[in-house]
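# Overview (structure and organization)
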Amino acid sequence: MDKITVRDIIKMKGKKKIAMITAYDYTFAKLVDEAGIDIILVGDSVGMVMHGLDSTIPVSMDDMIHHVKAVAAAKPRALVVGDMPFLSYEVSVEEAIRNAGYLLKAGAEAVKLEGGTEVVNKIEALVNAGIPVMGHIGLTPQRYLILGGYRRRGRKIVEAEKIIEDAKALEKAGVFAIVIEFTAAEVAKVITENVRVPTICIGSGPYCDGQVLVLHDLLGLTKNPPPFAKKYADLANIVVNAVKKYIDEVRNNMFPSKEHYFTMRKEDYMELLKKYNSSNQ
Ligand code: KIV
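Residues numbered from 1 in each chain as written. Predicted model: local features only at pLDDT ≥ 70, side-chain atom pairs only at ≥ 80, totals over all residues. Heavy atoms only, no water.

Moving on, we get to the overall build of the protein. When you go through the protein residue by residue, the secondary structure sums to 12 helices and eight strands. Expected size for 281 residues packed as a compact globule is a radius of gyration near 19 Å; at 24 Å, the protein overshoots this value by more than 25%. Dimensions along the principal axes, computed over C-alpha positions, put the protein at roughly 85 × 40 × 35 Å. Buried positions account for 45% of the 281 residues belonging to the protein. Contacts spanning at least 24 positions in sequence make up 58% of the contacts within the protein whose residues lie at least 6 apart. Here the protein has roughly 15,600 Å² of accessible surface; of this, 56% comes from carbon and sulfur atoms. (Helix = DSSP H or I, 4+ residues; strand = E, 2+ residues; numbered from the N terminus. Rg over C-alpha atoms; globule rule 2.2 N^0.38 Å. Buried < 20%, exposed > 50% of the residue type's maximum accessible area, 1.4 Å probe, protein only. Contact = heavy atoms within 4.5 Å. Areas by Shrake-Rupley, 256 points an atom, 1.4 Å probe, with all protein chains shown as cover.)

Below is the structure:
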């Protein structure tokens, strides 16, 4: 099957729902791609999921480049989107272009950044530089301090209208898709019906053009997943039980068994025993 491009994603709007998921390393990128995912997001959630951080704020460009490289090494059919971490695009247009460029050099095929009207000048500059941009509005986790936590957005009309205006501004600035996080479903519906680019929801209901989830939430690897995440597997239990079994087998001399090791010729072994005065056991 052909490589998925930004153009393919745009064309999917209104025709086929877009399935996007995060991945941060080679092995999982291979697996989610094999499953047929459309977009792999190397999200800055990597800081919390893979590095045990309390928020995404400390995530650096070096972190993102490292993980984008690992995912790109899987050469997925899916479109690879690299997240721009906090402070990699806020300071100036120049910094935004340079940092987005580093993600592309690492193997990303588009970048995602958080924010509405306040980041429009950065998005325009990136698109002018030939860098495809995915927007991210509603709950923007890099701004959780000013938002007052990871809270629901757009329940009241004033906040709903601000998010809708953000979406329109992003569309005008040239984004190819917009992630809408943790808004009232109706807000996401109005946006989806009023912009030409695809909307991809996380915790914002069923009316978007696609959905995105954090891989570790979906696989049941996260201790405290957000309320909107659905657990499709209980990998945490599978991992713990497998490692328990391994510990048990090691302690009880059940591992390794014959198929997991090899031996030398008997004559060579005898010679070794003679030389090293070892016992024949
Ligand atoms: O970093 C991330 O995983 C994200 C998704 C939650 C959309 O931005």
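Additional details are given in the paragraphs that follow.
Moving on, we come to the pairing of strand β3 (residues 79–83). Where burial is concerned, most of β3 is hidden: five out of the five residues are buried. Both faces of β3 are covered, namely the face carrying Leu79, Val81 and Asp83 and the face carrying Val80 and Gly82. Both strand β2 (residues 39–42) and β3 contribute to a ladder of four bridges, which runs parallel. Pairing of isoleucine 39 across the sheet is with leucine 79, part of β3. One ladder, built from three bridges, connects β3 with strand β4 (residues 110–112); its direction is parallel. Looking at β4, one finds that aspartate 83 is bridged to lysine 112. Tracing the backbone out of β3, into helix α5 (residues 93–106) and back to the parallel element β4 gives a crossover that is right-handed. (Pairing = 2+ DSSP bridges. Right-handed = clockwise from strand over helix to strand, strands pointing away.)

With that out of the way, let us pick up the packing of aromatic side chains. A full pass over the atoms with the stated rule returns three aromatic pairs. Between phenylalanine 182 and phenylalanine 228, the aromatic rings sit 5.0 Å apart at their centres with planes inclined by 65 degrees, giving edge-to-face as the arrangement. Note that phenylalanine 182 is positioned in the loop between β6 (177–181) and α9 (185–194) and phenylalanine 228 in the loop between α10 (215–218) and α11 (235–251), a separation of 46 residues in sequence. Look at phenylalanine 182 and you get buried, because its relative accessible area is 10%. With a relative accessible area of 22%, phenylalanine 228 lands in the partly exposed category. The residue whose ring lies beneath lysine 189 is tyrosine 207, and the NZ or CZ to ring-centre distance is 5.8 Å. (Phe/Tyr/Trp six-rings, centres within 6.5 Å; stacked < 30°, edge-to-face > 60°. Lys NZ or Arg CZ within 6 Å of the ring centre and 35° of its normal.)

Looking at the ligand, the residues that line it are Thr22, Leu41, Gly43, Asp44, Ser45, Asp83, Lys112, His136, Glu181, Ile202 and Val214. A distance of 2.9 Å is found between an oxygen atom of the ligand and a side-chain nitrogen or oxygen belonging to aspartate 44. Contact distances for the ligand include 2.9 Å between an oxygen atom and a side-chain N or O atom of lysine 112. Partitioning the shell around the ligand into residue classes produces three nonpolar, four polar and four charged. (Near = heavy atom within 4 Å. Polar contact = N/O pair within 3.5 Å; in protein donor to acceptor, adjacent residues only side chain to side chain. Nonpolar A, V, L, I, M, F, W, Y, C, P; charged D, E, K, R; others polar.)

For the rest of this paragraph, the subject is α11. Over its 17 residues, α11 extends 24 Å from the first C-alpha to the last, a length consistent with the 24 Å expected when each residue adds 1.5 Å. Phi turns positive one or two residues past the end of α11, at asparagine 253, with a value near 55 degrees. (Expected span 1.5 Å × (residues − 1).)

What follows concerns the sheet that holds β4. Spatial ordering of the closed barrel is given by β1-β2-β3-β4-β5-β6-β7-β8, a layout of eight strands whose pairing is parallel. Strand-to-strand twist of the sheet, defined as the mean angle between neighbouring strand axes without regard to direction, takes the value 25 degrees. In this sheet, strand β8 (residues 210–213) lies alongside strand β7 (residues 199–202) in parallel orientation, the contact comprising two bridges. Each bridged residue has a counterpart across the sheet, and for isoleucine 200 the counterpart in β8 is glycine 210. (Axes fitted to C-alpha atoms, helices over the stretch in contact; angles between N-to-C directions.)

Turning our attention to the packing of helix α8 (residues 157–173) against α9. Look at α8 against α9: their axes get within 10 Å of each other, and the N-to-C directions meet at 30 degrees. Judged on the interaxial angle alone, α9 and α8 are roughly parallel. Relative to α9, the crossing made by α8 is right-handed. Residues Ala160, Ile163, Ile164, Ala167 and Glu171 of α8 pack against Val187, Val190, Ile191 and Asn194 of α9. The residue inventory of the contact of α8 with α9, partitioned by class, reads seven nonpolar, one polar and one charged. (Parallel < 35°, antiparallel > 145°, perpendicular 65-115°, else oblique. Left-handed = near helix turned anticlockwise from the far one by under 90°.)

Turning our attention to the pattern of salt bridges. Applying the stated criterion across every chain yields a total of 13 salt bridges. Linking glutamate 193 and lysine 189 is a salt bridge whose minimum nitrogen-to-oxygen distance equals 3.2 Å. With glutamate 193 and lysine 189 both in helix α9 and four residues apart, this pair spans about one turn of that helix. Through salt bridges with shared partners, one network takes in Glu118, Arg143, Lys162 and Asp166. (Salt bridge = Lys/Arg side-chain N within 4 Å of Asp/Glu carboxyl O.)

Let us now look at the side chain of threonine 56. Tracing the backbone shows threonine 56 in the loop between α3 (46–49) and α4 (61–72). Beyond its immediate chain neighbours, meaning those up to four positions away, threonine 56 contacts Asp44, Ser45, Met48, Pro141 and Gln142.

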